[in-house]
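The lines below spell out each chain.
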Amino acid sequence: MKKLGFTLSAVALALVLSGCGQSNAQQGQQPPPLTIDVASVELEQVQSWHTFTTRLEAPERVLLKPRVSGQIERMAFTEGERVNKGQLLFSLDPRPFQAQIDTLNAQLKSAEASLEQARGEAERANRLVAQNAISTEEAEQRSATLRSAIANKNAIEARLQNAQLDLEFSQVSAPISGTISRAVVTTGNYVKAGETELTTIVSDDEIYAYFDVDERTWSRQFSGVSVQDQITVQLQRLGETKQVAGKLDFIDNEINPNTGTLRVRAVFDAKQHHLKPGAFARVSIGAQNAQQMAIVPERAIGTDLKNRFVLTIDENNVLQYRLVELGERYGAFRAIKSGLEEGDRIAVNGPARVGPGMPITPNSVSLAFENTQFVLKQSDTSLLLSAAN
């Protein structure tokens, strides 16, 4: 029995020693620190943005209606194409208007003959009354007949001028240059002066974007702005990421007391950027003064309840929790108002795989700002700018 007990004790001791050896081996084989991308914080000049929604409008829009009544004889344009000012669009049957002109020309000749006769009789009456050959009353009657003949001739000439205008208006021309819509009425239809809608034309060289800025924002950020400053405005169309640049060209003369907003307008090159009236868009305008802020990738920022933070790397390559105050977003980057200084090292990809207190192996990378615009170039309104979402 003693021999058996000694054997069991030896086995137990061996197992304990074996377990201690395994534990020591595991402690000696801890995995190396995780390798993560690390970048140094840089400062950039940035502007804060204010974004508004709008519907684009053409500077000129004409709802074309005939100025005379008549039957459409010919449609002289292609629907949806560009037309030039003065280009013939619709031709009404000119024969009724020409007939009226011919009638009035005949009446005018008769009136001229009557006037010539009345003038001669009036002149003779003036000579005879000087010789006491006719009465003063008869001479005055002939003078009245002359004045009536003159008035009749003038009336016919006015009617003739009006008839000639009607003939001219029977040829409906484009009052502005721009893109024409479809024809509402076509050849053979009778149209009424000032009533029948023929088509619409919108100018297509430039396009307007009206938007309303609240009084507080305007007073705080733009109080010193005038149209002469040529302030650059960005426009982004629905479903697009690229933005186009225009300029502020109108500031209303009063704040709307009902809404507490100021109506302003930006103008853009419609041809270059293929902008159409009625399109929904967002416009962004930068604050007057740019300032330096730290710039970090948006993905480097984490959320902790109500706080925003980034992970910094200390001199021992250990991650540290750092609260930050966010500024505007510029594409894939975010401005930091406070919490970071130039030269601080941050985890580029944020807290997705790591957390505070973890040792890491840093892999230094650079932040690429080449394709991101932080400040509007006021002198270059044709530049495509990155979105400030």
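Residues numbered from 1 in each chain as written. Predicted model: local features only at pLDDT ≥ 70, side-chain atom pairs only at ≥ 80, totals over all residues. Heavy atoms only, no water.

Enquirer: Looking at this model, I keep getting lost on the layout of surface pockets. Mind explaining?
Expert: Estimates place the volume of the largest pocket at around 360 Å³. In terms of lining residues, the largest pocket is bounded by 19 residues, among which Thr179, Val202, Asp204, Lys276 and Pro277 are the most central. Residue assignment for the lining of the largest pocket shows that the elements contributing at least two residues are strand E9 (178-180), strand E11 (199-202), strand E12 (206-214) and helix H5 (270-273). Take the lining of the largest pocket: its biggest share by element is three residues, from E11. For the lining of the largest pocket, the class distribution of residues is seven nonpolar, six polar and six charged. Considered as a void within the structure, the second largest pocket measures approximately 190 Å³ in volume. Along the walls of the second largest pocket sit 16 residues, with Gln47, Ser48, Ala287, Asn289 and Gln291 positioned nearest its centre. Of the residues in the lining of the second largest pocket, the class split is six nonpolar, seven polar and three charged. (1 Å grid on protein atoms, 1.4 Å probe; cavity = no way out; pocket = protein on both sides within 12 Å on 5 of 7 lines; lining within 4 Å. Points joined across faces, edges and corners; volume = space filled by probe spheres on them. Helix = DSSP H or I, 4+ residues; strand = E, 2+ residues; numbered from the N terminus. Nonpolar A, V, L, I, M, F, W, Y, C, P; charged D, E, K, R; others polar.)

Enquirer: Any chance you could explain unusual backbone geometry here in plain terms?
Expert: Working note: non-glycine residues mostly have negative phi, and peptide bonds are mostly trans. Positioned with a positive phi, Gln230 is a non-glycine residue whose angle comes to about 55 degrees. Here Gln230 lies in the loop between helix H4 (215-221) and strand E13 (232-237). One non-glycine residue, His274, lies in positive phi territory at about 55 degrees. Tracing the chain through its elements places His274 in the loop between H5 and strand E16 (280-286). Overall, the relative accessible area of 64% leaves His274 in the exposed class. (Buried < 20%, exposed > 50% of the residue type's maximum accessible area, 1.4 Å probe, protein only.)

Enquirer: What's the story with the packing of aromatic side chains in this structure? I'm lost.
Expert: The relation between two aromatic rings is expressed through the spacing of the ring centres and the mutual angle of the planes. Considering all chains together, one arrives at eight aromatic pairs under this definition. One aromatic cluster is present, formed by Tyr330, Phe333, Phe369 and Phe374 through successive ring pairs. Sitting above the plane of the Tyr208 ring, Arg265 keeps its charged end 3.9 Å from the centroid. (Phe/Tyr/Trp six-rings, centres within 6.5 Å; stacked < 30°, edge-to-face > 60°. Lys NZ or Arg CZ within 6 Å of the ring centre and 35° of its normal.)

Enquirer: Looking at this structure, I do not really get the pattern of salt bridges. What am I missing?
Expert: One side chain can pair with another of opposite charge once the charged atoms of both are near each other. Following the criterion strictly, the structure yields eleven salt bridges and no others. When the shortest N-O distance is used, the salt bridge between Asp212 and Arg263 registers 2.5 Å. With Asp212 in strand E12 and Arg263 in strand E15 (residues 261-269), this pair connects stretches of sequence that are 51 residues apart. According to the relative accessible area criterion, Asp212 is partly exposed, its value standing at 34%. Judged by relative accessible area, Arg263 falls into the partly exposed class, the value being 34%. Here Arg237 and Glu240 are joined by a salt bridge, their closest N and O atoms 3.3 Å apart. Shared partners join several salt bridges into a network, and the residues in it are Arg82, Asp204, Asp205 and Lys271. (Salt bridge = Lys/Arg side-chain N within 4 Å of Asp/Glu carboxyl O.)

Enquirer: I tried to follow the nonpolar core on my own but got confused; where do I start?
Expert: As a rule of thumb, soluble globular proteins bury nonpolar side chains together. One finds Phe211, Leu235, Leu248, Phe268 and Val283 to be the most contacted residues of the largest nonpolar core, which totals 23 residues. Contributing elements (two or more residues each) for this core: strand E3 (49-57), E12, E13, strand E14 (244-251), E15 and E16. For Phe268, the residues in contact, after removing those within four places along its chain, are Asp205, Glu206, Ile207, Ala209, Val233, Gln234, Leu235, Val244, Ala245, Gly246, Leu275 and Val283. One finds Phe77, Ala174, Ala183 and Ile201 within the second-largest nonpolar core, a separate group that totals 20 residues. (Core = buried A, V, L, I, M, F, W, Y, C linked by side-chain atoms within 4.5 Å. Contact = heavy atoms within 4.5 Å.)

Enquirer: When you look at the sheet that holds strand E17 (residues 291-297) in this model, what are you seeing that I'm missing?
Expert: The strands that make up a sheet pair up through hydrogen bonds in the backbone, lying either parallel or antiparallel. Read across the sheet, four strands follow the order E2-E17-E22-E21 without closing on themselves; strand pairing throughout is antiparallel. Because the sheet does not close on itself, it has two edges, and the strands there are strand E2 (42-46) and strand E21 (325-330). Ignoring which end each strand starts from, the neighbouring axes of this sheet average 45 degrees apart. Of the pairings in the sheet, the one linking E2 to E17 comprises five bridges and is antiparallel in character. What sits directly across from Glu44, in E17, is Met293. (Pairing = 2+ DSSP bridges. Axes fitted to C-alpha atoms, helices over the stretch in contact; angles between N-to-C directions.)

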